[in-house]
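Residue-level structural notes
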Amino acid sequence: MTDLATRPAPARGTLLRRAAPALLGYAAVRVLGLLVLAVWSAARGRSALTLLGARWDSLWYARVAELGYGYEVRLPNGDVHSNLAFFPLLPWLERLLHGVTPLSYAHAGLVVSLLASLAAAGGIFAVAEWVYGSRAGVCAVLLWAVLPVGVVQSMAYSESLFTALAAWSLYAVLTGRWVAAGLLAALAGLTRPVGLAVVAAVWVAGALTFVRRWSACEAHDGGRAPDPAAGVRAEREARAGGARGATRAPSGPEGAHDAERAASHTPRAVCAPAWRRALGLLLAPLGTAGYVLWVGHRTGGGPLGYLDVQAGWRNGFDGGYAFARFVADKFTSLPSAPAGAGLVVGVVLLITLYATGVRQRQPVPLLVYTGAVLALALCASSYFGSKPRLLIPAFPLLFPLARALARPRTARSALVTAGLAVAAAVYGAFWLNGSGPP
(Lines give C-alpha, C1' and ligand atoms only; values in the text may rest on other atoms or scores of the structure.)
Protein backbone atom coordinates (compact mmCIF):
# COMPACT_ATOMS: atom_id res chain seq x y z
CA MET A 1 0.00 0.00 0.00
CA THR A 2 1.06 3.62 -0.43
CA ASP A 3 3.08 4.40 2.69
CA LEU A 4 1.97 7.47 4.58
CA ALA A 5 5.55 7.91 5.69
CA THR A 6 6.80 8.53 2.17
CA ARG A 7 4.08 10.67 0.65
CA PRO A 8 4.17 14.48 1.05
CA ALA A 9 0.91 16.39 1.15
CA PRO A 10 0.28 19.04 -1.55
CA ALA A 11 0.75 22.69 -0.58
CA ARG A 12 -2.32 23.73 1.42
CA GLY A 13 -2.38 27.34 0.23
CA THR A 14 -3.14 26.43 -3.39
CA LEU A 15 -5.58 23.55 -2.90
CA LEU A 16 -8.67 25.65 -3.70
CA ARG A 17 -7.04 27.00 -6.86
CA ARG A 18 -6.07 23.51 -8.00
CA ALA A 19 -9.57 22.22 -7.24
CA ALA A 20 -11.31 25.03 -9.15
CA PRO A 21 -11.62 23.11 -12.48
CA ALA A 22 -13.09 20.12 -10.64
CA LEU A 23 -15.58 22.27 -8.74
CA LEU A 24 -16.65 24.14 -11.86
CA GLY A 25 -17.07 20.90 -13.77
CA TYR A 26 -19.03 19.38 -10.91
CA ALA A 27 -21.34 22.41 -10.72
CA ALA A 28 -21.94 22.25 -14.48
CA VAL A 29 -22.95 18.58 -14.29
CA ARG A 30 -25.31 19.21 -11.40
CA VAL A 31 -26.90 22.24 -13.12
CA LEU A 32 -27.48 20.13 -16.24
CA GLY A 33 -29.11 17.42 -14.16
CA LEU A 34 -31.40 19.89 -12.41
CA LEU A 35 -32.42 21.55 -15.68
CA VAL A 36 -33.33 18.21 -17.25
CA LEU A 37 -35.23 17.25 -14.09
CA ALA A 38 -37.15 20.54 -14.12
CA VAL A 39 -38.18 20.13 -17.76
CA TRP A 40 -39.06 16.45 -17.37
CA SER A 41 -41.09 17.06 -14.20
CA ALA A 42 -42.94 20.04 -15.70
CA ALA A 43 -43.91 17.92 -18.69
CA ARG A 44 -45.45 15.42 -16.28
CA GLY A 45 -47.17 18.11 -14.21
CA ARG A 46 -44.92 17.59 -11.19
CA SER A 47 -42.69 19.85 -9.14
CA ALA A 48 -38.95 19.27 -9.29
CA LEU A 49 -38.56 20.99 -5.90
CA THR A 50 -41.02 18.56 -4.34
CA LEU A 51 -39.18 15.58 -5.81
CA LEU A 52 -35.85 16.88 -4.50
CA GLY A 53 -36.84 18.08 -1.07
CA ALA A 54 -40.24 16.80 0.02
CA ARG A 55 -40.48 13.09 -0.76
CA TRP A 56 -39.13 9.84 0.65
CA ASP A 57 -36.42 10.29 3.30
CA SER A 58 -36.41 14.06 2.80
CA LEU A 59 -39.76 14.21 4.58
CA TRP A 60 -38.42 12.26 7.53
CA TYR A 61 -35.39 14.54 7.89
CA ALA A 62 -37.56 17.66 7.67
CA ARG A 63 -39.94 16.26 10.28
CA VAL A 64 -37.05 15.61 12.67
CA ALA A 65 -35.81 19.16 12.07
CA GLU A 66 -39.24 20.63 12.82
CA LEU A 67 -40.61 18.41 15.58
CA GLY A 68 -37.65 16.48 16.93
CA TYR A 69 -37.55 12.76 17.58
CA GLY A 70 -40.45 10.56 18.66
CA TYR A 71 -42.55 10.32 15.49
CA GLU A 72 -43.32 6.84 14.18
CA VAL A 73 -45.65 5.10 11.74
CA ARG A 74 -47.16 1.70 12.51
CA LEU A 75 -47.88 -0.34 9.39
CA PRO A 76 -50.67 -2.94 9.07
CA ASN A 77 -48.10 -5.77 9.00
CA GLY A 78 -46.77 -4.73 12.41
CA ASP A 79 -43.64 -2.93 11.26
CA VAL A 80 -42.83 0.31 13.08
CA HIS A 81 -41.09 3.07 11.15
CA SER A 82 -39.51 5.39 13.71
CA ASN A 83 -37.69 8.61 12.89
CA LEU A 84 -35.01 7.53 15.38
CA ALA A 85 -33.53 5.61 12.45
CA PHE A 86 -32.37 8.93 10.96
CA PHE A 87 -29.13 10.35 12.31
CA PRO A 88 -29.33 13.96 13.53
CA LEU A 89 -26.69 16.11 11.83
CA LEU A 90 -28.67 16.92 8.66
CA PRO A 91 -31.86 17.80 10.61
CA TRP A 92 -29.80 19.95 12.97
CA LEU A 93 -28.39 21.90 10.04
CA GLU A 94 -31.86 22.22 8.49
CA ARG A 95 -33.21 23.61 11.75
CA LEU A 96 -30.30 26.03 12.05
CA LEU A 97 -30.72 27.34 8.50
CA HIS A 98 -34.49 27.58 8.90
CA GLY A 99 -33.98 29.63 12.05
CA VAL A 100 -31.76 32.25 10.41
CA THR A 101 -33.44 32.44 6.97
CA PRO A 102 -37.02 32.43 5.62
CA LEU A 103 -36.43 29.00 4.07
CA SER A 104 -38.74 26.13 4.92
CA TYR A 105 -37.20 23.02 6.48
CA ALA A 106 -37.38 21.22 3.14
CA HIS A 107 -35.73 24.04 1.23
CA ALA A 108 -33.13 24.42 3.96
CA GLY A 109 -32.30 20.77 3.40
CA LEU A 110 -31.77 21.44 -0.30
CA VAL A 111 -29.39 24.31 0.48
CA VAL A 112 -27.44 22.15 2.93
CA SER A 113 -27.20 19.42 0.31
CA LEU A 114 -26.03 21.90 -2.33
CA LEU A 115 -23.24 23.27 -0.15
CA ALA A 116 -22.32 19.81 1.11
CA SER A 117 -22.09 18.41 -2.42
CA LEU A 118 -19.59 21.12 -3.36
CA ALA A 119 -17.62 20.38 -0.19
CA ALA A 120 -17.72 16.68 -1.08
CA ALA A 121 -16.43 17.41 -4.57
CA GLY A 122 -13.57 19.41 -3.06
CA GLY A 123 -12.75 16.60 -0.64
CA ILE A 124 -12.79 13.96 -3.37
CA PHE A 125 -10.44 16.09 -5.44
CA ALA A 126 -8.08 16.57 -2.49
CA VAL A 127 -7.88 12.83 -1.78
CA ALA A 128 -7.56 11.79 -5.44
CA GLU A 129 -4.95 14.45 -6.12
CA TRP A 130 -2.93 13.32 -3.12
CA VAL A 131 -2.90 9.75 -4.46
CA TYR A 132 -2.74 10.18 -8.26
CA GLY A 133 -2.28 13.87 -9.12
CA SER A 134 -4.44 16.84 -10.11
CA ARG A 135 -5.68 15.54 -13.46
CA ALA A 136 -6.94 12.32 -11.90
CA GLY A 137 -8.48 14.41 -9.11
CA VAL A 138 -10.56 16.38 -11.60
CA CYS A 139 -11.64 13.18 -13.35
CA ALA A 140 -12.61 11.56 -10.04
CA VAL A 141 -14.88 14.47 -9.15
CA LEU A 142 -16.53 14.45 -12.57
CA LEU A 143 -17.08 10.69 -12.43
CA TRP A 144 -18.71 11.10 -9.01
CA ALA A 145 -20.94 13.79 -10.48
CA VAL A 146 -22.10 11.63 -13.40
CA LEU A 147 -23.02 8.56 -11.39
CA PRO A 148 -26.37 7.20 -12.64
CA VAL A 149 -27.94 8.06 -9.27
CA GLY A 150 -25.93 11.27 -8.90
CA VAL A 151 -29.14 13.30 -8.68
CA VAL A 152 -29.29 12.18 -5.03
CA GLN A 153 -26.36 14.54 -4.44
CA SER A 154 -28.81 17.41 -5.07
CA MET A 155 -31.60 16.06 -2.87
CA ALA A 156 -32.32 16.84 0.77
CA TYR A 157 -30.68 13.53 1.67
CA SER A 158 -27.61 12.95 3.82
CA GLU A 159 -25.36 11.31 1.20
CA SER A 160 -23.66 14.54 0.11
CA LEU A 161 -23.11 15.72 3.67
CA PHE A 162 -21.70 12.37 4.71
CA THR A 163 -19.43 12.11 1.66
CA ALA A 164 -18.04 15.59 2.34
CA LEU A 165 -17.22 14.75 5.96
CA ALA A 166 -15.78 11.35 5.03
CA ALA A 167 -13.61 12.69 2.20
CA TRP A 168 -12.11 15.49 4.27
CA SER A 169 -11.58 13.16 7.23
CA LEU A 170 -9.67 10.77 4.96
CA TYR A 171 -7.65 13.65 3.56
CA ALA A 172 -6.81 14.75 7.10
CA VAL A 173 -5.63 11.22 7.86
CA LEU A 174 -3.47 11.11 4.74
CA THR A 175 -1.86 14.43 5.59
CA GLY A 176 -1.38 13.72 9.30
CA ARG A 177 -4.00 16.11 10.73
CA TRP A 178 -5.24 13.67 13.32
CA VAL A 179 -7.42 15.92 15.46
CA ALA A 180 -9.23 17.22 12.38
CA ALA A 181 -9.61 13.65 11.11
CA GLY A 182 -11.18 12.58 14.40
CA LEU A 183 -13.55 15.55 14.56
CA LEU A 184 -14.73 15.03 10.97
CA ALA A 185 -15.15 11.31 11.58
CA ALA A 186 -17.27 12.10 14.64
CA LEU A 187 -19.47 14.41 12.56
CA ALA A 188 -19.76 11.74 9.84
CA GLY A 189 -20.90 9.38 12.60
CA LEU A 190 -23.70 11.81 13.41
CA THR A 191 -24.81 11.78 9.78
CA ARG A 192 -25.27 8.15 8.73
CA PRO A 193 -24.75 4.67 10.24
CA VAL A 194 -22.00 4.10 7.68
CA GLY A 195 -19.97 6.58 9.69
CA LEU A 196 -18.48 3.40 11.12
CA ALA A 197 -16.49 3.13 7.88
CA VAL A 198 -14.78 6.46 8.55
CA VAL A 199 -14.05 5.46 12.14
CA ALA A 200 -12.52 2.19 10.95
CA ALA A 201 -10.29 4.03 8.47
CA VAL A 202 -9.07 6.49 11.11
CA TRP A 203 -8.43 3.76 13.66
CA VAL A 204 -6.55 1.44 11.29
CA ALA A 205 -4.41 4.30 9.96
CA GLY A 206 -3.73 5.49 13.49
CA ALA A 207 -2.77 2.02 14.68
CA LEU A 208 -0.34 1.66 11.76
CA THR A 209 1.30 4.97 12.56
CA PHE A 210 1.82 4.02 16.20
CA VAL A 211 3.57 0.89 14.97
CA ARG A 212 5.65 2.53 12.23
CA ARG A 213 6.18 6.19 12.89
CA TRP A 214 8.49 6.36 15.85
CA SER A 215 11.11 4.31 14.02
CA ALA A 216 10.57 6.46 10.92
CA CYS A 217 11.10 9.63 12.95
CA GLU A 218 14.22 8.20 14.57
CA ALA A 219 15.65 7.19 11.21
CA HIS A 220 14.84 10.59 9.72
CA ASP A 221 16.10 12.74 12.61
CA GLY A 222 18.94 10.61 13.95
CA GLY A 223 17.00 9.81 17.11
CA ARG A 224 16.22 13.46 17.88
CA ALA A 225 12.75 14.88 18.45
CA PRO A 226 11.22 15.95 15.13
CA ASP A 227 11.49 19.58 14.08
CA PRO A 228 8.17 20.76 12.57
CA ALA A 229 9.89 23.46 10.52
CA ALA A 230 12.30 20.90 9.10
CA GLY A 231 9.32 18.74 8.18
CA VAL A 232 7.75 21.58 6.21
CA ARG A 233 11.07 22.29 4.48
CA ALA A 234 11.35 18.61 3.60
CA GLU A 235 7.90 18.66 2.01
CA ARG A 236 8.80 21.70 -0.10
CA GLU A 237 12.07 20.11 -1.18
CA ALA A 238 10.23 16.91 -2.05
CA ARG A 239 7.75 18.73 -4.28
CA ALA A 240 10.53 20.74 -5.91
CA GLY A 241 12.58 17.60 -6.48
CA GLY A 242 9.58 15.82 -7.98
CA ALA A 243 8.98 18.76 -10.34
CA ARG A 244 12.66 18.87 -11.42
CA GLY A 245 12.76 15.13 -11.98
CA ALA A 246 9.50 14.94 -13.94
CA THR A 247 11.28 15.02 -17.28
CA ARG A 248 13.46 12.08 -16.28
CA ALA A 249 10.61 9.95 -14.92
CA PRO A 250 9.05 7.15 -16.95
CA SER A 251 6.16 8.29 -19.09
CA GLY A 252 2.55 7.95 -17.94
CA PRO A 253 0.79 8.32 -14.60
CA GLU A 254 2.58 5.28 -13.10
CA GLY A 255 5.99 6.76 -13.78
CA ALA A 256 5.05 10.21 -12.49
CA HIS A 257 3.54 8.76 -9.33
CA ASP A 258 6.55 6.52 -8.66
CA ALA A 259 8.97 9.38 -9.29
CA GLU A 260 7.11 11.59 -6.82
CA ARG A 261 7.13 8.88 -4.18
CA ALA A 262 10.82 8.19 -4.71
CA ALA A 263 11.69 11.89 -4.37
CA SER A 264 9.68 12.41 -1.19
CA HIS A 265 11.02 12.89 2.33
CA THR A 266 9.48 12.11 5.69
CA PRO A 267 6.78 14.82 6.00
CA ARG A 268 5.57 16.43 9.18
CA ALA A 269 2.61 14.00 9.15
CA VAL A 270 4.99 11.16 9.96
CA CYS A 271 6.20 12.70 13.20
CA ALA A 272 2.93 14.17 14.47
CA PRO A 273 2.89 14.18 18.29
CA ALA A 274 1.49 10.97 19.72
CA TRP A 275 -1.08 12.87 21.77
CA ARG A 276 -2.61 14.34 18.60
CA ARG A 277 -2.94 10.92 17.05
CA ALA A 278 -4.41 9.51 20.25
CA LEU A 279 -6.88 12.40 20.53
CA GLY A 280 -7.97 11.91 16.92
CA LEU A 281 -8.59 8.22 17.54
CA LEU A 282 -10.60 8.99 20.66
CA LEU A 283 -12.75 11.61 18.93
CA ALA A 284 -13.54 9.55 15.82
CA PRO A 285 -16.21 7.19 17.25
CA LEU A 286 -17.98 9.73 19.47
CA GLY A 287 -20.62 10.67 16.89
CA THR A 288 -21.80 7.16 16.07
CA ALA A 289 -21.46 5.86 19.61
CA GLY A 290 -23.14 8.90 21.13
CA TYR A 291 -26.24 8.73 18.94
CA VAL A 292 -26.59 4.93 19.11
CA LEU A 293 -26.32 4.95 22.90
CA TRP A 294 -28.79 7.84 23.16
CA VAL A 295 -31.32 5.93 21.02
CA GLY A 296 -30.82 2.85 23.17
CA HIS A 297 -31.43 4.89 26.31
CA ARG A 298 -34.51 6.58 24.84
CA THR A 299 -36.08 3.32 23.66
CA GLY A 300 -35.06 1.31 26.69
CA GLY A 301 -33.29 -1.15 24.44
CA GLY A 302 -29.82 -0.56 25.83
CA PRO A 303 -26.72 -0.47 23.62
CA LEU A 304 -28.51 -2.51 20.93
CA GLY A 305 -31.66 -0.41 20.93
CA TYR A 306 -30.76 1.24 17.63
CA LEU A 307 -30.71 -2.17 15.96
CA ASP A 308 -34.29 -2.68 17.12
CA VAL A 309 -35.24 0.64 15.52
CA GLN A 310 -33.64 -0.45 12.24
CA ALA A 311 -35.38 -3.81 12.46
CA GLY A 312 -38.68 -1.94 12.42
CA TRP A 313 -37.68 -0.73 8.96
CA ARG A 314 -36.62 -4.30 8.05
CA ASN A 315 -33.00 -3.17 7.95
CA GLY A 316 -30.24 -5.38 9.28
CA PHE A 317 -26.92 -7.02 8.45
CA ASP A 318 -27.12 -10.61 7.23
CA GLY A 319 -23.85 -10.95 5.35
CA GLY A 320 -25.54 -10.48 1.99
CA TYR A 321 -27.92 -13.45 2.23
CA ALA A 322 -31.09 -11.45 1.53
CA PHE A 323 -29.46 -9.61 -1.36
CA ALA A 324 -28.22 -12.89 -2.86
CA ARG A 325 -31.73 -14.33 -2.64
CA PHE A 326 -33.15 -11.18 -4.25
CA VAL A 327 -30.74 -11.51 -7.17
CA ALA A 328 -31.32 -15.25 -7.50
CA ASP A 329 -35.09 -14.73 -7.62
CA LYS A 330 -34.63 -12.58 -10.71
CA PHE A 331 -33.51 -15.65 -12.64
CA THR A 332 -36.69 -17.60 -11.91
CA SER A 333 -38.55 -15.96 -14.78
CA LEU A 334 -37.47 -14.83 -18.22
CA PRO A 335 -38.78 -11.23 -18.01
CA SER A 336 -36.71 -10.46 -14.90
CA ALA A 337 -33.59 -12.44 -15.88
CA PRO A 338 -31.89 -9.46 -17.59
CA ALA A 339 -32.30 -7.44 -14.40
CA GLY A 340 -30.68 -10.26 -12.43
CA ALA A 341 -27.81 -10.41 -14.90
CA GLY A 342 -27.38 -6.65 -14.59
CA LEU A 343 -27.19 -6.91 -10.80
CA VAL A 344 -24.55 -9.63 -11.03
CA VAL A 345 -22.52 -7.54 -13.47
CA GLY A 346 -22.83 -4.53 -11.16
CA VAL A 347 -21.58 -6.43 -8.11
CA VAL A 348 -18.69 -7.91 -10.11
CA LEU A 349 -17.77 -4.42 -11.33
CA LEU A 350 -17.73 -3.05 -7.78
CA ILE A 351 -15.50 -5.88 -6.56
CA THR A 352 -13.23 -5.47 -9.59
CA LEU A 353 -12.81 -1.75 -8.96
CA TYR A 354 -11.98 -2.42 -5.32
CA ALA A 355 -9.44 -5.10 -6.29
CA THR A 356 -7.92 -2.66 -8.79
CA GLY A 357 -7.51 -0.11 -6.01
CA VAL A 358 -5.65 -2.75 -4.00
CA ARG A 359 -3.38 -3.55 -6.95
CA GLN A 360 -2.70 0.14 -7.52
CA ARG A 361 -1.58 0.42 -3.89
CA GLN A 362 -4.16 2.89 -2.69
CA PRO A 363 -3.44 4.08 0.85
CA VAL A 364 -4.67 1.74 3.56
CA PRO A 365 -7.24 4.24 4.99
CA LEU A 366 -8.98 4.45 1.61
CA LEU A 367 -9.10 0.66 1.24
CA VAL A 368 -10.48 0.21 4.75
CA TYR A 369 -13.11 2.92 4.24
CA THR A 370 -14.20 1.69 0.81
CA GLY A 371 -14.33 -1.93 1.92
CA ALA A 372 -16.50 -1.03 4.90
CA VAL A 373 -18.91 1.05 2.78
CA LEU A 374 -19.19 -1.82 0.27
CA ALA A 375 -19.79 -4.39 2.99
CA LEU A 376 -22.44 -2.31 4.76
CA ALA A 377 -24.25 -1.57 1.49
CA LEU A 378 -24.15 -5.01 -0.14
CA CYS A 379 -24.46 -7.16 2.97
CA ALA A 380 -27.38 -5.33 4.55
CA SER A 381 -30.93 -6.65 4.32
CA SER A 382 -32.34 -3.19 3.61
CA TYR A 383 -34.60 -2.26 0.71
CA PHE A 384 -32.70 -3.28 -2.41
CA GLY A 385 -33.71 -0.23 -4.42
CA SER A 386 -31.72 1.91 -1.99
CA LYS A 387 -28.40 0.15 -2.55
CA PRO A 388 -27.21 2.32 -5.48
CA ARG A 389 -27.50 5.50 -3.42
CA LEU A 390 -25.94 3.81 -0.39
CA LEU A 391 -22.83 3.32 -2.54
CA ILE A 392 -22.51 7.02 -3.41
CA PRO A 393 -20.05 7.64 -0.54
CA ALA A 394 -17.72 4.89 -1.85
CA PHE A 395 -15.92 7.44 -4.05
CA PRO A 396 -12.45 5.76 -3.94
CA LEU A 397 -13.94 3.05 -6.18
CA LEU A 398 -13.86 5.67 -8.94
CA PHE A 399 -10.13 6.32 -8.65
CA PRO A 400 -9.00 3.54 -11.03
CA LEU A 401 -11.50 4.83 -13.62
CA ALA A 402 -10.36 8.41 -13.01
CA ARG A 403 -6.76 7.36 -13.49
CA ALA A 404 -7.67 5.75 -16.81
CA LEU A 405 -9.74 8.75 -17.90
CA ALA A 406 -6.84 11.07 -17.11
CA ARG A 407 -4.59 9.38 -19.66
CA PRO A 408 -6.24 10.43 -22.96
CA ARG A 409 -6.08 13.94 -24.32
CA THR A 410 -8.28 16.52 -22.63
CA ALA A 411 -10.70 16.74 -25.57
CA ARG A 412 -11.38 13.01 -25.54
CA SER A 413 -11.84 12.92 -21.76
CA ALA A 414 -14.18 15.91 -21.95
CA LEU A 415 -16.26 14.22 -24.65
CA VAL A 416 -16.63 11.03 -22.60
CA THR A 417 -17.55 13.00 -19.48
CA ALA A 418 -20.10 15.11 -21.35
CA GLY A 419 -21.78 12.00 -22.71
CA LEU A 420 -21.97 10.47 -19.25
CA ALA A 421 -23.33 13.74 -17.83
CA VAL A 422 -26.19 13.80 -20.34
CA ALA A 423 -27.01 10.15 -19.69
CA ALA A 424 -26.97 10.68 -15.92
CA ALA A 425 -29.17 13.79 -16.20
CA VAL A 426 -31.79 11.93 -18.26
CA TYR A 427 -31.73 8.87 -16.03
CA GLY A 428 -31.96 11.00 -12.87
CA ALA A 429 -35.03 12.79 -14.17
CA PHE A 430 -36.64 9.51 -15.21
CA TRP A 431 -35.77 7.89 -11.86
CA LEU A 432 -37.10 10.68 -9.64
CA ASN A 433 -40.31 10.84 -11.63
CA GLY A 434 -40.67 7.09 -11.22
CA SER A 435 -39.65 4.81 -8.36
CA GLY A 436 -37.11 7.24 -6.91
CA PRO A 437 -34.54 6.59 -4.15
CA PRO A 438 -36.44 5.48 -1.05
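Placed above this text is the structure.
Residues numbered from 1 in each chain as written. Predicted model: local features only at pLDDT ≥ 70, side-chain atom pairs only at ≥ 80, totals over all residues. Heavy atoms only, no water.

1. Looking at the pattern of salt bridges
Pairs can form between side chains of opposite charge once their charged atoms are near each other. Stated formally: Each salt bridge in this description consists of a side-chain nitrogen of Lys or Arg and a carboxyl oxygen of Asp or Glu lying within 4 Å of one another. Strands here are runs of E lasting at least two residues and helices are runs of H or I lasting at least four, both read from the DSSP assignment and numbered beginning at the N terminus. For every residue, the accessible area (1.4 Å probe, protein chains only) is compared with the maximum for its type, and the residue is labelled buried under 20%, exposed over 50%, or partly exposed between those bounds.
Here the structure, examined in full by the defined rule, presents six salt bridges. Here Glu129 makes a salt bridge to Arg18, at a shortest N to O gap of 2.3 Å. Residue Glu129 is found in helix H5 (residues 105-132), and its partner Arg18 is found in helix H1 (residues 15-43); the two are separated by 111 residues along the sequence. Both residues of the pair, Glu129 and Arg18, count as buried. Arg389 is the partner of Asp57 in a salt bridge, and the nearest nitrogen-oxygen pair spans 3.0 Å. In this pair, Asp57 is assigned in helix H3 (residues 57-67) and Arg389 in helix H18 (residues 387-390), connecting sequence segments 332 residues apart. Accessibility expressed as a relative area gives 13% for Asp57, which makes it buried. Among the ionic contacts, a cluster of salt bridges with common partners joins Asp57, Glu159, Arg192 and Arg389.

2. Digging into the environment of Gly346
Looking at where Gly346 falls in the secondary structure, it is placed in helix H16 (residues 337-359). Taking the C-alpha atoms as reference, Gly346 lies 9.9 Å from Pro388; in sequence the two are 42 residues apart.

3. Looking at the packing of helix H7 (residues 159-174) against helix H17 (residues 364-378)
As a reminder, the rule being used: Orientation is described by lines fitted to C-alpha atoms, with helices fitted over the stretch in contact, and by angles between N-to-C directions that extend from 0 to 180 degrees. For classification purposes, angles smaller than 35 degrees are called roughly parallel, those larger than 145 roughly antiparallel, those between 65 and 115 roughly perpendicular, and all remaining angles oblique. In this scheme, a crossing is called left-handed if the near helix is turned counterclockwise away from the far one by less than a right angle; it is called right-handed if the turn is clockwise. Residue contacts are counted whenever heavy atoms from the two residues lie within 4.5 Å of one another.
Where H7 meets H17, the closest approach of the two axes is 10 Å, and the angle between their N-to-C directions is 155 degrees. When the interaxial angle is binned, H7 and H17 end up roughly antiparallel. Relative to H17, H7 is oriented so that their crossing is right-handed. Between H7, through Phe162, Ala166, Leu170, Val173 and Leu174, and H17, the contact on the second element is made entirely by Pro365, Leu366 and Tyr369.

4. Re H17
Because an α-helix completes one turn every 3.6 residues, residues spaced three or four positions apart along the sequence face the same direction. So the rule is basically this: Each helix should span, by expectation, one fewer than its residue count multiplied by 1.5 Å.
Along its 15 residues, H17 runs 21 Å from first to last C-alpha, staying within 8% of the 21 Å computed at 1.5 Å per residue. With respect to burial, H17 is a largely interior element, 11 of its 15 residues being buried. For H17, the complete set of buried residues consists of Val364, Pro365, Leu366, Leu367, Tyr369, Thr370, Ala372, Val373, Leu374, Ala377 and Leu378.

5. A closer look at the side chain of Thr163
Assignment of secondary structure puts Thr163 in helix H7. Once residues within four sequence positions are removed from consideration, Thr163 is found in contact with Ala120, Ile124, Trp144, Ile392, Pro393 and Phe395.

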